[in-house]
Amino acid sequence: MASLKIYSVGRLTKYVTDSSLLNIRSSICRSSVHKYSTEEKAAEPEPEKNLPASIEDCHKQIESLTAEVNNFKAQAKEYEDKYKRALADGENVRRRMMKQVEDAKSFAIQSFCKDLLDVADTLSAAAESVPEGVEGEGAPAALRSLRDGLTLTRAQLTQVFSRHGLEVVSPLREKFDPNLHEALFTQEVQGAEPGSVVAVSKVGYKLRGRCVRPALVGVAKGAS
């Protein structure tokens, strides 16, 4: 019985001691956390307030801010102008490139056309070399067939030229144009306006408005 009482008193003493230590430990922890939060809050700097001390300082600050705003506006306008100029330059470059591409497509056959012009001249000379009398009933059939074949071939070649934008320049009685004509000689011709074409030695050609070969012409001059 005595030993039971001693065991119960020992357990009670241990329980009280453990409870006291636990309470003391909790109090120390709460104190430490509270102290740390207080120090942390105290360490936070308060925002500085740079307020003008007088009305004059206030006016000076307003003028300074106004100057800065005007400077920013000027810079923004300058950047906007540069941006617009860059856009305009880019658009001009794009248009020039498109025009160059279109010209390359349109005039890609220019050298080929130049080579065909000599063939057209030879064909025209051959058709004109056949006498006019072969068209009658008494003319030889071979000559008539030759003339008809040359005439038909020349007509078909002219149609091919027209379909691809190649036009004949035969400026008889027209005003002399140095961009399309080349003067071989000048002479006085009665009734002809000075500076007009009075003779065409060789027809010219232009491809889609661009001169491929100038016409060789004679030009009328004024009376001396």
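That block above? That's the structure.
Read on for a plain summary of the structure.

Scoring rules and cut-offs
- Residues numbered from 1 in each chain as written.
- Predicted model: local features only at pLDDT ≥ 70, side-chain atom pairs only at ≥ 80, totals over all residues.
- Heavy atoms only, no water.
- Axes fitted to C-alpha atoms, helices over the stretch in contact; angles between N-to-C directions.
- Helix = DSSP H or I, 4+ residues; strand = E, 2+ residues; numbered from the N terminus.
- Parallel < 35°, antiparallel > 145°, perpendicular 65-115°, else oblique.
- Left-handed = near helix turned anticlockwise from the far one by under 90°.
- Contact = heavy atoms within 4.5 Å.
- Buried < 20%, exposed > 50% of the residue type's maximum accessible area, 1.4 Å probe, protein only.
- Salt bridge = Lys/Arg side-chain N within 4 Å of Asp/Glu carboxyl O.

### What to know about the packing of helix 3 (residues 110–129) against helix 4 (residues 141–163)
Look at helix 3 against helix 4: their axes get within 9 Å of each other, and the N-to-C directions meet at 150°. The orientation of helix 3 with respect to helix 4, classified from their angle, is roughly antiparallel. The hand of the helix 3/helix 4 crossing is left-handed. On the side of helix 3, the interface is formed by L116, L117, A120, L123, S124, A126, A127 and E128, while helix 4 contributes R147, L150, T153, R154, L157 and F161.

### Let's talk about the environment of P194
Relative to the helices and strands, P194 is located in the loop between strand 2 (181–187) and strand 3 (197–202). P194 gets classed as partly exposed once you look at its relative accessible area, which sits at 46%. Once the C-alpha coordinates of P194 and G222 are considered, the two residues, 28 residues apart in sequence, prove to be 5.1 Å apart.

### Describing the pattern of salt bridges
Evaluation of the coordinates by the stated rule reveals seven salt bridges. The residue R95 makes a salt bridge to E91 at a minimum N-O spacing of 3.3 Å. Taken together, the residues R95 and E91, both in helix 2 (residues 55–106) and four residues apart, mark about one turn of the helix. Residues D121 and R213 are paired through a salt bridge, measuring 2.6 Å at the closest nitrogen-oxygen approach. On the criterion of sequence distance, the pair formed by D121 in helix 3 and R213 in strand 5 (residues 210–213) is long-range, its members being 92 residues apart.

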